[in-house]
Protein chains: 2
Amino acid sequence: MDAFLRELGDIPHTREASALRVKSADFSWFSPIMSAVLDGRTAEVVLSPRTEEEAVRIASACARHRIPLVARGAGTGNFGQAVPLAGGAVVEMLGLDRLIWQRGNVARAQAGIRLGVLDTQLRRQGREMRMHPSTKKLATLGGFVGGGHAGVGTVNWGILRDRGNLLGLKIITIEETPRVLELRGDDVNLVHHAYGVNGLVTEVELPLAPAYEWLDMVVVFDDFERAAEFGMALATADGILKKLVSVHAWPIPSYFQPLCIPEGKAAALLMIGAETREGFEALVRDYAGTITQCVPEAGIYEYTWGHTTMHALRADRGLTYLVCIFPRDDTVGAIRRVHRKLGAEVFMHLEFKRFAGYMTAEGVPLFRYQGFEQMTRLYKSFEAEGVRIANVHTFLLQNGGMKDIDAAQIGFKRRVDPYLLMNPGKVAGLDDLPGGISGAALEAAQLPASGWAY
Amino acid sequence: MDAFLRELGDIPHTREASALRVKSADFSWFSPIMSAVLDGRTAEVVLSPRTEEEAVRIASACARHRIPLVARGAGTGNFGQAVPLAGGAVVEMLGLDRLIWQRGNVARAQAGIRLGVLDTQLRRQGREMRMHPSTKKLATLGGFVGGGHAGVGTVNWGILRDRGNLLGLKIITIEETPRVLELRGDDVNLVHHAYGVNGLVTEVELPLAPAYEWLDMVVVFDDFERAAEFGMALATADGILKKLVSVHAWPIPSYFQPLCIPEGKAAALLMIGAETREGFEALVRDYAGTITQCVPEAGIYEYTWGHTTMHALRADRGLTYLVCIFPRDDTVGAIRRVHRKLGAEVFMHLEFKRFAGYMTAEGVPLFRYQGFEQMTRLYKSFEAEGVRIANVHTFLLQNGGMKDIDAAQIGFKRRVDPYLLMNPGKVAGLDDLPGGISGAALEAAQLPASGWAY
């Protein structure tokens, strides 16, 4: 390690214990299972390159000294993506934070730029990101591409892996003499949502949406089923512009204190285009909803998607969650069935999303964690209603169920990371799990989740 | 009539025979049935108001003298909307042609503005219409709202009647002392696609889309079924920006001479966002298509939607058409079944559209007209495959099948046009059909079309 560091010269780094702890953590504490398994896993050094040239030097040194490395943005992933299982280096990309260019509806930026900063710069040009996670303020572009899959805007544009949502990626290979590769077209998905195991991402090119004037809305309903029906109706109201349709059963709204949602109500958190406000209000009346908030864009998305779970867990650490996708046919019927069957145990949270060309809802429900047996029972109970589960309690990429890791992915990995140094332990079957990883991790990977990989 | 005209003073008008003939015609010649029935139906005078005040004077004079009137834009409707059945006045609205204001993504314009002029003015502000018909260059805003229902852009925004696509309308009632009414919200649909029977539209307020950089594309395929599969895949590729997905079986592309489409090929005519060109090209490869044209926006839409029929009929007046909508479930399967069953007789033309919240295709197929019996057989043959037909061979609003004319519509009509002077004969059951309307018209209205009114 010392020889490795000497070689890196003036590239900023730290071996200070608190920094190692902080920079080796992500939001996998959302899962009590991963939380236990990953506790105490830390890197031995945090490296903070400032330029692509420094990133190349790091890649070369890691290859020559066989130092494992984990690329890190802001550490806002939920699946242990950023937790080093085998020590080594965390490569914090925050120094590569430039918007390189923006031309019309396309922009290219360095991987370490925070999405909030990027979006603010784009707004000045009348543009915005097509989609972003609820962690926009903190999260980086490279982190979103490497560990995310969808977000605010997905109700319009589908998910990140859909053709057209990610135009190009520049990566550095982990070799003695690193290569700098540009991936375009379908090849971007070799790296997208691969937890940083397939090359060090330094630049991302992405399509933009025109900046709209959004209204943050809260609409409350007497019961959740009505709120879910409204959500689907709004999501499929083609003439009403929207960027976010997020629906929550009580008591979830109680975790959103600043929103002052009345006791016992189900709530829809929404971003609506100002130009279609009247049509939106007519739809609200159809479903007997009450608009309790309507303000120009003020960050309501921060209570939705992954942040819903965060606000809930901050209020009550006894809770945990699962992630599921409701079926294409009779989406609302399936939501209703699951809610009626499990509503007392499971608090429903829906994010409406375009998925594989049709509108559906992702569920991110919360429940009080009682152990593996309960988790298994709930997974099976959802799947029995035709609802597919993505396993968010494993750090194994294949078992997450959001992406297929096929031979092409593995072959690509071997070409860009021949010594298997990138985020080791995250791709099952490729390398042995590092010592000390408990049986619980492996058990979690076997939870009965069908996933929704294509 | 003379007293009526004297009262109108200096409002421009003509009683010249050729003008009466031209200004009493629309594109109902697309239908051999309507063409025969409506032949020779002309107004007695063409009035050309230049201001809203003049339109009010016309409304008052018509009411006092009991003169029937037909509001006219550019006469590009296909359903006899603009053909006067009972003489009287044609009120040509082209003089009311101002863009009144544009603020952000909302604009308000006078009804007589041509859509092409409006769209050009909006582009200067970085905006465009959400949707427009293939007749954009000629057609007026009021005509589109009164007689149209969808168009280029519908693949994104649904149809005109969908909440949010039409924000407000100003109408003048036909009374001795006309009232000027503003309709907003769902009330706009009292007037939209009502063939001008529910008040004289003078202003329209509508939401805008941001102006995108569109590429006009032609992609050819060896067979139509593959082209249809590609069309659906593109229409549901959420990350690929598009404004038009129009698919044509051979020999329809042979009617698009300037596009030079190779003999025997099926063709997709498309508008694609420049920023997602690479993803689009990957999709084309998946379906073994060949891109034969890719240029910055140059009017390819003029070969699609209603204009497809126009180009075909200009080449071969023996052809006619029908309009259908394919079912939500297994859309492509239904297209395939109909094509296999009737492909030798019926040349398929598809326009992919968002309809009632899901993606489907409208069919506007062409065939060589052999008479009523054939038309009835084809209607039944489509309907047997779960494909709903809108009857484009009748001028009766109810029987067109694109809109429900319910008690609210009729009640509204009686309030804004108490003497039933507006476009008489178009609403069945309200007034007697004017003399001389042949049995064929009534027979056509009874063609077995289920329509797709909500």
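Check the entry above for the structure.
Residues numbered from 1 in each chain as written. Chains lettered and ligands numbered in written order. Predicted model: local features only at pLDDT ≥ 70, side-chain atom pairs only at ≥ 80, totals over all residues. Heavy atoms only, no water.

1. A short note on the interface of chain A and chain B
Definition in use: In this analysis, two residues are considered to be in contact whenever any of their non-hydrogen atoms come within 4.5 Å of each other. Each of two parts loses accessible area, computed with a 1.4 Å probe, when they are put together; buried area is these two losses added. Salt bridge, as applied in this entry: a Lys or Arg side-chain nitrogen positioned within 4 Å of an Asp or Glu carboxyl oxygen. N or O atoms closer than or at 3.5 Å make up a polar contact, with two conditions inside protein: a donor-capable atom paired with an acceptor-capable one, and, for residues adjacent in sequence, both atoms drawn from side chains. Secondary structure counts use DSSP, requiring at least four H or I residues in a row for a helix and at least two E residues in a row for a strand, with both numbered from the N terminus. Classification used: nonpolar for Ala, Val, Leu, Ile, Met, Phe, Trp, Tyr, Cys and Pro, charged for Asp, Glu, Lys and Arg, polar for all others including Gly.
Taken together, the contacts link 35 residues of chain A with 35 residues of chain B. Buried area between chain A and chain B, summed over both chains or domains, comes out near 2,700 Å², and the portion from carbon and sulfur atoms is 48%. Considering only the side of chain A, the residues that lose the most area to chain B are A:R163, A:D238 and A:E275, jointly responsible for 27% of the buried surface there. The closest approach of N and O atoms between A:E278 and B:R184, which form a salt bridge, is 2.7 Å. Summed over the shared surface of chain A and chain B, the number is 11 residue pairs in polar contact (both at pLDDT 80 or more). Of the residues forming the side of chain A that touches chain B, the biggest block, five residues, is contributed by helix α9 (residues 277-286) of chain A. Residue classes in the side of chain A that touches chain B are distributed as 13 nonpolar, 11 polar and 11 charged.

2. Re the pattern of salt bridges
Where we set the bar: The classification of residues rests on relative accessible area computed with a 1.4 Å probe and restricted to protein chains. Under 20% of the type maximum is buried, over 50% is exposed, and intermediate values are partly exposed.
For the structure on display, the rule yields 76 salt bridges over all chains. A salt bridge links B:E203 to B:R108, with the shortest nitrogen-to-oxygen separation between them at 2.7 Å. Here the residue B:E203 occupies a position in strand β10 (residues 200-210), and B:R108 occupies one in strand β6 (residues 106-110), the gap between them amounting to 95 residues. As far as the burial class goes, B:E203 and B:R108 line up, both buried. Salt bridges sharing partners connect three or more residues here, namely A:E52, A:R108, A:K170, A:E182, A:R184, A:E203, A:E205 and B:E278.

3. Observations concerning the sheet that holds strand β20 (residues 366-368) of chain B
Residues and elements named next belong to chain B. So the rule is basically this: Strands pair, by our definition, only if DSSP identifies at least two bridges between them. Structural elements are reduced to axes, namely lines fitted to C-alpha atoms, with helices fitted over the stretch in contact, and the angle between N-to-C directions of any two is expressed from 0 to 180 degrees.
The three strands are arranged β15-β20-β17 in an open sheet whose pairing can be described as antiparallel. Both outer strands of the open sheet, β15 (319-321) and β17 (346-347), are each paired with one neighbouring strand and no more. Inspection of the sheet shows β17 paired to β20 by two bridges, in the antiparallel sense. Opposite V346, over in β20, you have F367 as the bridge partner. Against the sheet, helix α12 (residues 372-384) engages β15, β17 and β20, with an angle of about 145 degrees to β20.

4. What about the relation of the copies chain A and chain B?
So the rule is basically this: Superposing copies: least-squares fit, C-alpha atoms only, residues required to have pLDDT of at least 70 in both.
Once chain A is rotated about the relating axis by 180 degrees and shifted along it by 0.0 Å, it coincides with chain B to within an RMSD of 0.0 Å. The operation mapping one copy onto its partner corresponds to a two-fold rotation axis. Closest approach to the rotation axis within chain A is made by the C-alpha atom of A:P210, at a distance of 3.2 Å.

5. Brief notes about the sheet that holds strand β2 (residues 45-47) of chain B
Residues and elements named next belong to chain B. Strand order in the open sheet made by the four strands is β1-β2-β4-β3, with mixed pairing throughout. For this open sheet the edge positions go to β1 (13-14) and β3 (69-72), each flanked by a neighbour on one side alone. Bridge count between β2 and strand β4 (residues 89-92): three bridges; the pairing is parallel. The partner of V46 across the bridge, within β4, is V90.

6. Here we look at helix α5 (residues 115-123) of chain B
Our working definition: Of all possible arcs, the one meant is that of the directions from the helix axis to the C-beta atoms.
Taken residue by residue, α5(B) has B:L115, B:G116, B:L118, B:D119 and B:L122 as its buried positions. The arc that holds every buried residue of α5(B), seen down its axis, measures 160 degrees, which confines them to one face.

7. Observations regarding helix α8 (residues 224-235) of chain B
Residue and element names in this part refer to chain B. This is how the line gets drawn: To estimate how far a helix should extend, the number of its residues minus one is multiplied by 1.5 Å.
Between its terminal C-alpha atoms α8 stretches 16 Å, which fits the 16 Å expected from 12 residues at 1.5 Å a residue. Burial of α8 is extensive: 10 of the 12 residues sit out of reach of the surface. Where α8 is concerned, the buried positions are F224, E225, A227, A228, F230, G231, M232, A233, L234 and A235. In this structure D223 caps α8, since a side-chain oxygen of it lies 3.3 Å from the backbone nitrogen of E225.

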